[in-house]
Amino acid sequence: MAEVDQAVDLSKTETGEGGNGHLSSSVDRNSGSSIGQKSTTKRKHDDEEEDDGSPTKKQHGHGEKVATHYNTLQETGLAARSQSRIFYMRNFNNWLKSVLIGEILDTVRQSRRELSVLDLGCGKGGDLLKWRKGHISRLVCADIAAVSVEQCQVRYEYMRKRGHPNERIFSAEFITADCTKELLTDKLKDPKMEFDVTSCQFVYHYSFETQQQADLMLKNACERLRPGGYFIGTTPDAYELVKRVETLDSNSFGNEVFSVTFQKKGDYPLFGCQYDFNLEGVVNVPEFLVYFPLFEEMAKKYNMRLVFKKTFSQFFEEHIKNDQHKMLMQRMQALEVGINIHYQSKVWTPSHSRVFLYFFFTFFYIVKLIV
Ligand SMILES: C[S@@+](CC[C@H](N)C(=O)[O-])C[C@H]1O[C@@H](n2cnc3c(N)ncnc32)[C@H](O)[C@@H]1O
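Only a predicted model underlies this, so the values are computations on that prediction, with no experimental measurement involved. (Residues numbered from 1 in each chain as written. Predicted model: local features only at pLDDT ≥ 70, side-chain atom pairs only at ≥ 80, totals over all residues. Heavy atoms only, no water.)

Before going further, it helps to spend a moment on the overall build of the protein chain. Of the regular secondary structure elements, the protein chain holds eleven helices and 13 strands. Out of the 371 residues in the protein chain, the part that is buried amounts to 55%. Within the protein chain, contacts between residues separated by at least 24 positions form 74% of all contacts whose residues are at least 6 apart in sequence. Surface exposure of the protein chain reaches about 17300 Å², of which carbon and sulfur atoms provide 49%. (Helix = DSSP H or I, 4+ residues; strand = E, 2+ residues; numbered from the N terminus. Buried < 20%, exposed > 50% of the residue type's maximum accessible area, 1.4 Å probe, protein only. Contact = heavy atoms within 4.5 Å. Areas by Shrake-Rupley, 256 points an atom, 1.4 Å probe, with all protein chains shown as cover.)

The following block contains the structure:
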């Protein structure tokens, strides 16, 4: 894949207790490592930045690197995608999101018919079809990567054009913004607009570069939610990642498809705890650990309370028992040949380890309290 790293000189890595002062920071007591240790480490990247005057140049820090990476990712057609080594992973991932999104829309629809959704970090619009199937009324798509947002919009227009004349497809609005640094309310056509659901799939971890960024993204996710509205998301599981790297001599793990490389072992600050995630041909960008108890505490500021947090494997084990979900999984070709739908994760062999990546992810639902 094209390496599109831009220069970043992170002059200072934010650290601290996240303002809560009492969170347990221990992750792996046996290894003696912890998330949340104070660190004065300065991180420096040697690569040089080139100013090409693109819209993403407004971004600073890793946001710019992330935007550039996603902006330059090529849209691949179905045929190319099906040949990709990560074909099943993408499908599996899409299956999980379809179930998650379907469930949350069913829940909120019990109290409201017309649903509005914010897709925070929408990318190229990978979830548009899920919103269509969920019969929502309005969608706001926001992402830091301008090219992705444009492609998302094109995809949406195409979907509308191709839709059945009798089908009422949701209206949509598209915003390019670094959602860790810019307030979406200032960019919405109707700043008073309210959402029933904010969905943040595989995005929130980019915000944990600093406390301010994590807080602003949380604000964007929650401030325009209606009471009773949900913020749902998927983020890498910090416990799993740290546990895994701490069992090894190296600061990196992975397989032929993905790798996770920590800059430093044994020291995992609450914010700015960077690791590089490389997924063949799809992602090659710095990410940051999200220490979940801290995220949960931070969300309380916006009247949000955790409903559930589940690992992919827990979610999978629970939902695959449902025949409809199982059929959907087969239709979506979400399991690799040889991986039986009745598998038990503990008997998986290393040959299944591509999908194993998913055991590093966690889903969450948090709800806005009715006060
Ligand atoms: C792994 S992709 C996920 C895209 C989409 N949510 C999905 O599930 O298909 C991560 C997305 O997060 C976006 N992103 C990263 N940092 C962001 C930020 N600070 N503000 C807004 N979007 C961001 C990236 O541009 C990218 O589109």
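Around the ligand sit 18 residues, and of these Lys 97, Gly 121, Asp 143, Asp 178 and Gln 201 come closest. At 2.6 Å from an oxygen atom of the ligand is found a side-chain nitrogen or oxygen belonging to Lys 97. Within the backbone of Gln 201, one N or O atom sits 2.9 Å away from a nitrogen atom of the ligand. Taking 590 Å² as the accessible area of the ligand by itself, protein coverage stands at 89%. Residues belonging to the shell around the ligand are distributed by class as follows: eleven nonpolar, four polar and three charged. (Near = heavy atom within 4 Å. Polar contact = N/O pair within 3.5 Å; in protein donor to acceptor, adjacent residues only side chain to side chain. Nonpolar A, V, L, I, M, F, W, Y, C, P; charged D, E, K, R; others polar.)

Below, the discussion takes up unusual backbone geometry. Positive phi outside glycine occurs at His 135, with the angle close to 55°. For His 135, the location among the structural elements is in the loop between helix H4 (128–133) and strand E4 (138–143). Under the relative-accessibility criterion, His 135 is labelled exposed at 56%.

Under the UniProt annotation, the feature "binding site: S-adenosyl-L-methionine" (unreviewed entry) is placed at Lys 97, Gly 121, Asp 143, Asp 178, Gln 201 and Tyr 206. Tracing the sequence through the fold places Tyr 206 in the loop between strand E6 (195–201) and helix H6 (211–222). For Tyr 206, a relative accessible area of 11% corresponds to the buried category. (UniProt positions renumbered as here; feature names shortened; annotations may be inferred.)

Now for the pattern of salt bridges. Opposite charge on two side chains allows them to pair when their charged atoms are near. Counted according to the given criterion, the structure contains 14 salt bridges. A salt bridge links Asp 196 to Arg 112; its shortest N-O distance comes to 2.9 Å. A residue pair is termed long-range when its members are at least 10 positions apart, and Asp 196 in strand E6 and Arg 112 in the loop between helix H3 (87–109) and strand E3 (116–120) qualify at 84 residues. Arg 112 gets classed as partly exposed once you look at its relative accessible area, which sits at 30%. Residues joined in a network through salt bridges with shared partners are Arg 112, Glu 194, Asp 196 and Arg 226. (Salt bridge = Lys/Arg side-chain N within 4 Å of Asp/Glu carboxyl O.)

This part is about helix H9 (residues 312–319). Of all the positions in H9, only Phe 312, Ser 313, Phe 315, Phe 316 and His 319 are classed as buried. Down the axis of H9, the smallest arc covering the buried residues is 160°, so these residues share one side. Packing partners of the buried residues in H9 comprise H3, strand E7 (225–236), strand E12 (304–311), helix H10 (323–331) and strand E13 (361–368). (Arc of directions from axis to C-beta.)

Burial in helix H8 (residues 292–300) covers these residues: Phe 292, Leu 294, Phe 295, Met 298 and Ala 299. One side of H8 holds all its buried residues, which, seen down the axis, span an arc of 155°. Against the buried residues of H8 lie H6, E7, E12 and E13.

Examined against the element boundaries, Asn 220 turns out to sit in helix H6. Classification of Asn 220 by relative accessible area gives buried; the value is 4%. If near-sequence neighbours (up to four positions away) are discounted, Asn 220 is found in contact with Leu 118, Leu 120, Cys 179, Glu 182, Leu 183 and Leu 184.

Moving on to the side chain of Lys 130. Within the fold, Lys 130 resides in helix H4. Since its relative accessible area comes to 10%, Lys 130 is described here as buried.

As a further point, take the sheet that holds E12. Taking strand neighbours across the sheet as the criterion, the seven strands line up as E5-E4-E3-E6-E7-E13-E12 in an open arrangement whose pairing is mixed. Each edge of the open sheet is held by one strand with a lone partner, namely strand E5 (171–176) and E12. Here the average twist between neighbouring strands, direction ignored, is 15°. Both E3 and E4 contribute to a ladder of five bridges, which runs parallel. Across the sheet, Leu 118 pairs through a bridge with Val 140, a residue of E4. Lying over the sheet, helix H5 (residues 146–162) contacts E4 and E5, oriented at roughly 170° with respect to E5. (Pairing = 2+ DSSP bridges. Axes fitted to C-alpha atoms, helices over the stretch in contact; angles between N-to-C directions.)

Here the focus is the pairing of E7. Most of E7 is tucked away, with ten of its twelve residues classed as buried. Sheet topology note: the E6/E7 ladder contains six bridges and is parallel. Among the inter-strand pairings, Thr 198 is bridged to a residue of E7, identified as Phe 231. Where the polypeptide runs from E6 across H6 and back to E7, its parallel neighbour, the crossover connection is right-handed. As paired elements, E7 and E13 share seven bridges and run antiparallel to each other. Within E13, the position partnered with Phe 231 by the bridge is Ile 366. (Right-handed = clockwise from strand over helix to strand, strands pointing away.)

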